[in-house]
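Report on the structure
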Amino acid sequence: MSPLIPHTLTEELARDLSTLPGHPAAYLGDGCVARTDGVLGALDAARVLVVHGRGSFALCGAARVVAGWAGRRTVRHFDAFGVNPRIEDITAGVRAAREFRPDVVVGIGGGSALDAAKSVAVLAAQDDAPADCLARPEYVAAPRRCALVLLPTTSGSGSEMTRFAAIYAQGRKHSLDHPQLRSDLVLVDPGLAASVPPRTAVAAALDALCQAVESAWAVRATEESRRLAHDALARLLPVVGRAAGDSFGGRILAVPERRAALAYGAALAGAAIDITRTTAAHALSYGLTARLGLPHGAAVALHLSWLIGHHTRVTADDCRHPGGPDALLGIIDDIQKLSHETTARPVEALVTRLLHDGGYPTTLASLALNAGDWRAPVTEALASSRAANTPRAVTDADVLRLLS
């Protein structure tokens, strides 16, 4: 539990809302965005920096709640970033935070907004420039000077539960990974996701689904992370399975019960990858996002689909999983059984259906990428720590032959 969060506050929230596992102070409940004023009061917050998206902030209803804080505290807004925030965006936010000196940073939005909020809150306290901190993680040494409260408006990124953030520099994805990026308090209000466009909702759901699968088979998995990943899949699969191809099409957030289940499952998946980090599906996805503008969740899903089959062909020679090939095959078999039981489809077919429903490409080959142009990005991705967390080795040739 963060020392910044009064015990009386967490007792009150735990009494009224559902407590989310995998984080010391994370709660879920319809309408809980309205609790933020009381949260700020309990934190004695006079100065609040709200980091949020642009159009989504007003559409989801959060803007009305924040406007209600006027008169009781000084509020500043920072929204000068886009999807997949760049280091230049974060630098601007850090400059704003240093000038304003907030008591609390409140992040409201999808994964990009939450990553920006976490990065700004932590990097504003450092002596070195944000770009230097991104390049040299050891420069992140000074403690965060403000409380950090996060409210996701999409169900998928899991950023509210993790202690890392994605930042892009010169077209390449970097991960700012530090314990101080873990929020002090999380409020998950499923109702905030009701206004998310169907296409965006599908990409977010795919991200959550992929995170749960990747965490389950990750080399760094623990007993706790495997439990979180399994519970995430148990909540996510029935929701996306019912939505895939049915009369709602991509509108998987049209039903309140689905929104709540999806929000809970996405948070669990985020808690799972906070322990394990992701694997090659994520590592390979960042190039598709940076170079083609393909939404993150869809990009990850394109790689997860073929990696499932790739991992089923594991041998003793290329297995990285600490339990050996049989353990990896058992994990995949358990995931597929759960998918069949809840969706009547294997995971690959479910992912393909969701990609189709969202209007996204359903195979890497359909992107018509030139293998020669992608050799260097693939090599770089496979040299990353995320790829090293993959339970069966992946080679450049494995990826490049799928491009045509």
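Refer to the structure printed above.
As a starting point, this report considers the structure included with it. (Residues numbered from 1 in each chain as written. Predicted model: local features only at pLDDT ≥ 70, side-chain atom pairs only at ≥ 80, totals over all residues. Heavy atoms only, no water.)

Scanning the chain for helices and strands turns up 17 helices and 9 strands. For a compact globule of 404 residues, the expected C-alpha radius of gyration is about 22 Å, and the chain comes in at 20 Å, within 12% of that figure. Overall, the chain is about 60 × 45 × 35 Å in size when its C-alpha atoms are taken along their principal axes. For the chain, with 404 residues in total, the buried portion stands at 57%. Across the chain, every contact between residues at least 6 apart in sequence was considered, and the portion connecting residues at least 24 apart equals 76%. Element-wise, carbon and sulfur atoms account for 52% of the exposed surface of the chain, whose accessible area totals about 15,600 Å². Put simply, the chain has 40 plus and 40 minus side-chain charges, and the middle of one group is 3 Å from the middle of the other. (Helix = DSSP H or I, 4+ residues; strand = E, 2+ residues; numbered from the N terminus. Rg over C-alpha atoms; globule rule 2.2 N^0.38 Å. Buried < 20%, exposed > 50% of the residue type's maximum accessible area, 1.4 Å probe, protein only. Contact = heavy atoms within 4.5 Å. Areas by Shrake-Rupley, 256 points an atom, 1.4 Å probe, with all protein chains shown as cover. Lys, Arg positive; Asp, Glu negative; His and termini not counted. Charge placed at Lys NZ, Arg CZ, Asp CG, Glu CD.)

Two side chains carrying opposite charge are able to pair once their charged atoms lie near each other. Counting across every chain of the model gives 18 salt bridges. Glu-88 is paired through a salt bridge with Arg-86; the nearest N and O atoms lie 4.0 Å apart. Overall, Arg-86 belongs to the partly exposed group, its relative accessible area being 43%. With a closest N to O distance of 3.9 Å, Lys-118 and Asp-115 form a salt bridge. Of this pair, Lys-118 and Asp-115 both sit in helix H6 (residues 111-123), 3 residues apart, roughly one helical turn. Since its relative accessible area comes to 0%, Lys-118 is described here as buried. One salt-bridge network, in which partners are shared between bridges, spans Glu-12, Arg-15, Asp-16 and Arg-35. (Salt bridge = Lys/Arg side-chain N within 4 Å of Asp/Glu carboxyl O.)

Turning our eyes to something else, we now look at the nonpolar core. Counting 80 residues, the largest nonpolar core has Trp-217 and Leu-304 as the members making the most contacts within it. Apart from the residues lying within four places of it in its own chain, the contact partners of Leu-304 are Cys-210, Val-213, Glu-214, Trp-217, Ala-281, Val-347 and Val-351. With 30 residues, the next largest nonpolar core counts Val-94, Val-140, Cys-146 and Ile-167 among its residues. (Core = buried A, V, L, I, M, F, W, Y, C linked by side-chain atoms within 4.5 Å.)

What follows is about the pairing of strand S8 (residues 172-177). In terms of strand pairing, strand S7 (residues 164-169) meets S8 through 6 bridges, oriented antiparallel. Counted as the bridge partner of Ile-167 is His-174 from S8. Linking S7 back to S8 in an antiparallel pair, the connection comprises 2 residues, with Gln-170 at a positive phi of about 55 degrees. (Pairing = 2+ DSSP bridges.)

Our next topic: the sheet that holds strand S6 (residues 147-152). Pairing within the open sheet is mixed, and its 7 strands lie in the order S1-S2-S9-S6-S5-S3-S4. The sheet terminates laterally at strand S1 (18-19) and strand S4 (74-78), the two strands that pair on one side only. Pairing geometry for S1 and strand S2 (residues 26-28), over 2 bridges, is antiparallel. Looking at the pairing, Ser-18 lines up with Leu-28 of S2. Against the sheet, helix H5 (residues 87-100) contacts strand S3 (47-52) and S4, and its axis sits at roughly 165 degrees relative to S4. (Axes fitted to C-alpha atoms, helices over the stretch in contact; angles between N-to-C directions.)

Glancing now at the side chain of Ser-215. Note that Ser-215 resides in helix H8 (residues 198-217). Overall, the relative accessible area of 0% leaves Ser-215 in the buried class. Not counting residues within four places of it along the chain, the set of residues in contact with Ser-215 comprises Ala-221, Ser-225, Ala-229, Ala-272, Ile-273 and Thr-276.

Next up on the list: the environment of Gly-297. Along the chain, Gly-297 falls in helix H12 (residues 296-312). Along the chain, Gly-297 and Ala-208 lie 89 residues apart, while their C-alpha atoms are 7.8 Å from each other. Not counting the four nearest positions on each side in its chain, Gly-297 is found in contact with Ala-203, Leu-206 and Asp-207.

With that settled, consider helix H15 (residues 371-382). For the α-helix, the turn length of 3.6 residues means that residues three or four positions removed from each other point alike. Along H15, the residues classified as buried are Trp-374, Val-378, Ala-381 and Leu-382. The buried residues of H15 occupy an angular sector of 80 degrees when projected down its axis, which confines them to one face. Of the exposed residues in H15, those oriented more than 90 degrees away from the buried face are Gly-372 and Ala-376. On its buried side, H15 packs onto helix H11 (280-292), helix H16 (385-388) and helix H17 (396-400). (Arc of directions from axis to C-beta.)

Moving on, we get to unusual backbone geometry. Despite not being glycine, Asp-44 has its phi angle at roughly 55 degrees, a positive value. Mapped onto the elements, Asp-44 comes out in the loop between helix H2 (36-42) and S3. The exposed category is assigned to Asp-44, whose relative accessible area is 65%. With a phi close to 55 degrees, Arg-101 is a non-glycine residue in the positive phi region. Relative to the elements of secondary structure, Arg-101 occurs in the loop between H5 and strand S5 (104-109). A relative accessible area of 62% places Arg-101 in the exposed class.

Right, let's talk about the packing of aromatic side chains for a bit. What characterises a pair of aromatic rings is the spacing of the ring centres plus the angle enclosed by the ring planes. All chains considered together, the criterion is met by 1 aromatic pair. The ring centre of Phe-164 lies 5.2 Å from the NZ or CZ of Arg-386, which sits over that ring. (Phe/Tyr/Trp six-rings, centres within 6.5 Å; stacked < 30°, edge-to-face > 60°. Lys NZ or Arg CZ within 6 Å of the ring centre and 35° of its normal.)

What follows is about the state of the cysteines. Enumeration over the complete set of coordinates arrives at 0 disulfides. Free of any disulfide, Cys-133 has its nearest cysteine sulfur in Cys-146, 15 Å distant. Accessibility expressed as a relative area gives 5% for Cys-146, which makes it buried. (Disulfide = S-S within 2.5 Å.)

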